[in-house]
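A structural walkthrough
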Amino acid sequence: MAQQPHTPEPPVWDPSHQGTGSAPRSAGPRSAGSDWASGGTVFAGVLMLVNGLLAVLQGIAAIAEDDVYARLGDYVYEVSLTGWGWILVILGVVVAATGAGILQGAAWARAAGILLASLSLIAQFLFLPYAPLWSMIMIAIDFFVIWALATHHPKASPRT
């Protein structure tokens, strides 16, 4: 018996299969860019949660006047190291709470996240002389968080 060549046919999506396959992607309102931004929003929430906790630790080290930070002479935006510590602790707690809200999908958390990431970006700019490399990394992360939260447009859901 001779074997006949078998050409596999692509699977056909049929709504009667009740969830056994996925619907074909259409060029509707969601695009690949919004999918990427959606993943970026989750990542931004994680970054905010972790950065908030790190800011609290950074602030505690500054309050304790540990030798972690360099002593500066004259600086235009001079604030005592203890003052910077309290700013970082308070901002860190609020940023961590907002990051948790973003991960839970809270509607208020996106706007608050953009505001807090902006404040964090400014605070890190002012903190540049004390920890330049860390501040530059944090500025880049804050920029990403602002972008991810500003470009993500979630689908309307009953949970707000």
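Keep in mind that this is a model prediction, so the values were computed, not measured.

Glancing now at the overall build of the protein. Regarding its fold elements, the protein presents four helices and zero strands. For the protein, the succession of helices and strands along the chain, N to C, is α-α-α-α. Counting across all 160 residues of the protein, residues that qualify as buried make up 31%. Sequence-distant contacts, at least 24 apart, represent 70% of the contacts inside the protein between residues at least 6 apart. In the form shown here, the protein has an accessible surface area of approximately 10600 Å², with 68% of it arising from carbon and sulfur atoms.

All told, the structure shown has two aromatic pairs when counted by the stated rule. With a centroid separation of 5.9 Å and 35° between ring planes, the pair formed by Phe 144 and Trp 147 is classed as tilted. Residue Phe 144 and its partner Trp 147 are both found in helix α4 (residues 132-151); the two are separated by three residues, about one turn of the helix. Following the ring pairs from residue to residue traces out a cluster consisting of Phe 43, Phe 144 and Trp 147.

The biggest cluster of nonpolar side chains holds 14 residues, and the ones touching the most others in it are Met 48, Val 145 and Leu 149. Residue assignment for this core shows that the elements contributing at least two residues are α1 (32-63), α2 (81-104), α3 (107-126) and α4. Ranked by residue count, the leading element in this core is α3, at four residues. When neighbours within four sequence positions are excluded, Val 145 is seen to be in contact with Ala 44, Leu 47, Met 48 and Ala 117. The next biggest cluster of nonpolar side chains, apart from the first, holds seven residues, and it includes Leu 81, Phe 127, Tyr 130 and Ala 131.

A word on the side chain of Thr 41. As for its placement among the helices and strands, Thr 41 is situated in helix α1. Given the relative accessible area of 8%, Thr 41 is considered buried. Only 3.4 Å separates the side chain of Thr 41 from the backbone oxygen of Ala 148, close enough to count as a polar contact. Discounting residues that sit within four places of it in the chain, Thr 41 has contacts with Ile 102, Ala 148, Leu 149 and His 152.

This paragraph deals with the side chain of Ser 135. Following the sequence through the fold, Ser 135 ends up in helix α4. Each residue touching Ser 135, except ones within four places of it in the same chain, is listed here: Gln 124, Phe 127 and Leu 128.

We now examine the UniProt feature "transmembrane region" (unreviewed entry) in the protein. Under the present numbering, the feature "transmembrane region" (unreviewed entry) in UniProt falls on residues 40-64, 84-103, 108-127 and 133-150. In this annotation, residues 40-64 is assigned 96% helix and 0% strand; the end-to-end C-alpha distance for the span is 35 Å. Along residues 108-127 one finds 95% helix and 0% strand; the C-alpha atoms at either end are 28 Å apart.

Here the focus is the confidence of the model for the protein. When pLDDT is averaged across the protein, the result is 76; 63% of the residues are at 70 or more. By mean pLDDT, the top-scoring element of the protein is α4 (90), and the lowest-scoring one is α1 (79).

A separate point is the environment of Leu 54. Within the secondary structure, Leu 54 is located in helix α1. Between the C-alpha atom of Leu 54 and that of Leu 88, which follows or precedes it by 34 residues, the distance is 9.2 Å.

Parameters at a glance
- Residues numbered from 1 in each chain as written.
- Predicted model: local features only at pLDDT ≥ 70, side-chain atom pairs only at ≥ 80, totals over all residues.
- Heavy atoms only, no water.
- Helix = DSSP H or I, 4+ residues; strand = E, 2+ residues; numbered from the N terminus.
- Buried < 20%, exposed > 50% of the residue type's maximum accessible area, 1.4 Å probe, protein only.
- Contact = heavy atoms within 4.5 Å.
- Areas by Shrake-Rupley, 256 points an atom, 1.4 Å probe, with all protein chains shown as cover.
- Phe/Tyr/Trp six-rings, centres within 6.5 Å; stacked < 30°, edge-to-face > 60°.
- Core = buried A, V, L, I, M, F, W, Y, C linked by side-chain atoms within 4.5 Å.
- Polar contact = N/O pair within 3.5 Å; in protein donor to acceptor, adjacent residues only side chain to side chain.
- UniProt positions renumbered as here; feature names shortened; annotations may be inferred.
- pLDDT = per-residue confidence, 0-100.

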